[in-house]
Amino acid sequence: MTRRELDAAGVADPRLRAAYARCRALNARHGRTYFLATRLLLPGQRPAVHALYGFARHTDDLVDEPALHQGTDQVAARIHHIGTTLHAGLRAGRSDHPVLAAVVDTATRFGIDDALFGAFLRSMRMDLTVTGYPTRAALQDYVYGSAEVIGLQLLPVLGTVCDPAEAAPRAAALGQAFQLTNFLRDVAEDLDRGRVYLPADELAAHGVDRDLLGWCRHTGRIEARVRLALAEQIAYTRTVYARARPGIALLHPASRPCVATAFSLYARILDRIEACGYNVFAGRVTVGNGARLPIAGAALARALWARTASRSPAPIGKD
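Calculation notes
Residues numbered from 1 in each chain as written. Predicted model: local features only at pLDDT ≥ 70, side-chain atom pairs only at ≥ 80, totals over all residues. Heavy atoms only, no water. Helix = DSSP H or I, 4+ residues; strand = E, 2+ residues; numbered from the N terminus. Buried < 20%, exposed > 50% of the residue type's maximum accessible area, 1.4 Å probe, protein only. Contact = heavy atoms within 4.5 Å. Areas by Shrake-Rupley, 256 points an atom, 1.4 Å probe, with all protein chains shown as cover. Polar contact = N/O pair within 3.5 Å; in protein donor to acceptor, adjacent residues only side chain to side chain. Core = buried A, V, L, I, M, F, W, Y, C linked by side-chain atoms within 4.5 Å. Expected span 1.5 Å × (residues − 1). Phe/Tyr/Trp six-rings, centres within 6.5 Å; stacked < 30°, edge-to-face > 60°. Lys NZ or Arg CZ within 6 Å of the ring centre and 35° of its normal. Axes fitted to C-alpha atoms, helices over the stretch in contact; angles between N-to-C directions. Parallel < 35°, antiparallel > 145°, perpendicular 65-115°, else oblique. Left-handed = near helix turned anticlockwise from the far one by under 90°. Nonpolar A, V, L, I, M, F, W, Y, C, P; charged D, E, K, R; others polar.

(A) Inspection of the overall build of the chain at higher detail. Assigned secondary structure in the chain consists of 15 helices and 0 strands. When burial is assessed residue by residue, the chain has 52% of its 319 residues classed as buried. Relative to all contacts within the chain whose residues are 6 or more apart in sequence, the contacts with residues 24 or more apart total 72%. For the chain, the accessible surface area stands at approximately 13,900 Å², while carbon and sulfur atoms represent 56% of it.

Here it is, written out as structure tokens:
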């Protein structure tokens, strides 16, 4: 499958093919929902999506897997090295890095703004020193770089039926919605890393603080005040999904099934959190195959129809 995708994308250089294949493996291993949705894209679009996700995953792992490193300074140095290597590659139009080679190639082919990568790296550096966010505005500063820019990076790959500037706010909102969903699902795991990605003032309005969240994590039980706070966070996150939804219709028809599937599957995580009584401390909340497969199957039918009914976006690397 990798060979067919790379052939369709027009990637012939063996070095680049190896980099794209590595990014695809990162996507398959770490992002079940994203990887499933990406399979609904045209083969020629998929390598670029894998490259962008691979870059995000590779960098995020430096922050979230401390066992591989010796403290904050060393991780910061690694992120700095990635940043300088990436920006040097973007200036040169090529890179020899085993992951960044694919990212640079994708960014060059699709004209992705260099500043979006800089914003992402800034948020990753924040994770090294920031352990909580006092307000929604403070959290939003982080979310822009950690998630909204991903939607903006993907937009040229997915293609639009309108001016890309019109679709950009919707793409950013979808990245934000996915990230906020991750924050709610992963409260327990983030606590284990010493972080809370929920606005402290909004939690405090329900009498919730880090200590109470820690008690829930330790006991695996949900406290009534925490339940109310999480319900409020879910309600807010759904308003972000509502802002993002109209953007799907602005994408090229061949790209809509992929994004619509990711949208549906991620939104269902919120449903699952509610269904388990908001107890995200007893175990990781997931959307089971019984719910995932019908959504993916219907999306595959729409994707096949779109491929035959409309002209596809230009393949990756087309000048």
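(B) Spatial organisation of the environment of Arg57. Here Arg57 shows up in helix α4 (residues 46–64). It is 7.0 Å that separates the C-alpha atoms of Arg57 and Leu26, two residues lying 31 residues apart in sequence. Here Asp60 takes part through its side chain, which lies 2.8 Å from a polar atom of the side chain of Arg57.

(C) Layout of the nonpolar core. Formed by 96 residues in total, the largest nonpolar core has its most connected members in Phe55, Phe117, Val226 and Phe281. Sequence-distant contacts of Phe117, that is, excluding residues within four places in its chain, are made with Leu52, Phe55, Leu86, Leu90, Val103, Ala107, Ile112 and Gln153.

(D) Quick peek at α4. If you check α4, its first and last C-alpha atoms are 26 Å apart, about what 19 residues at 1.5 Å a residue would give, namely 27 Å. In terms of residue burial, α4 counts as a mostly covered element, since 18 of its 19 residues are buried.

(E) Spotlight on the packing of aromatic side chains. Under the counting rule described, the total for this entry stands at 10 aromatic pairs. Taken together, the ring pairs connect Tyr133, Tyr142, Phe183 and Tyr197 into an aromatic cluster. Its guanidinium or amino end placed over the ring of Tyr236, Arg136 lies 3.9 Å from that ring's centre, counting from NZ or CZ.

(F) Main features of the packing of α4 against helix α7 (residues 114–126). Direction vectors running N to C along α4 and α7 enclose 20°, while the axes themselves pass 10 Å from each other. Relative to α7, the element α4 is oriented roughly parallel. Viewed along their axes, α4 and α7 form a crossing whose handedness is right-handed. Counted together, Leu52, Phe55, Ala56, Thr59, Asp60 and Val63 of α4 and Phe117, Phe120, Leu121 and Met124 of α7 form the full contact between these two elements. Classifying every residue of the contact of α4 with α7 by side-chain character gives 8 nonpolar, 1 polar and 1 charged.

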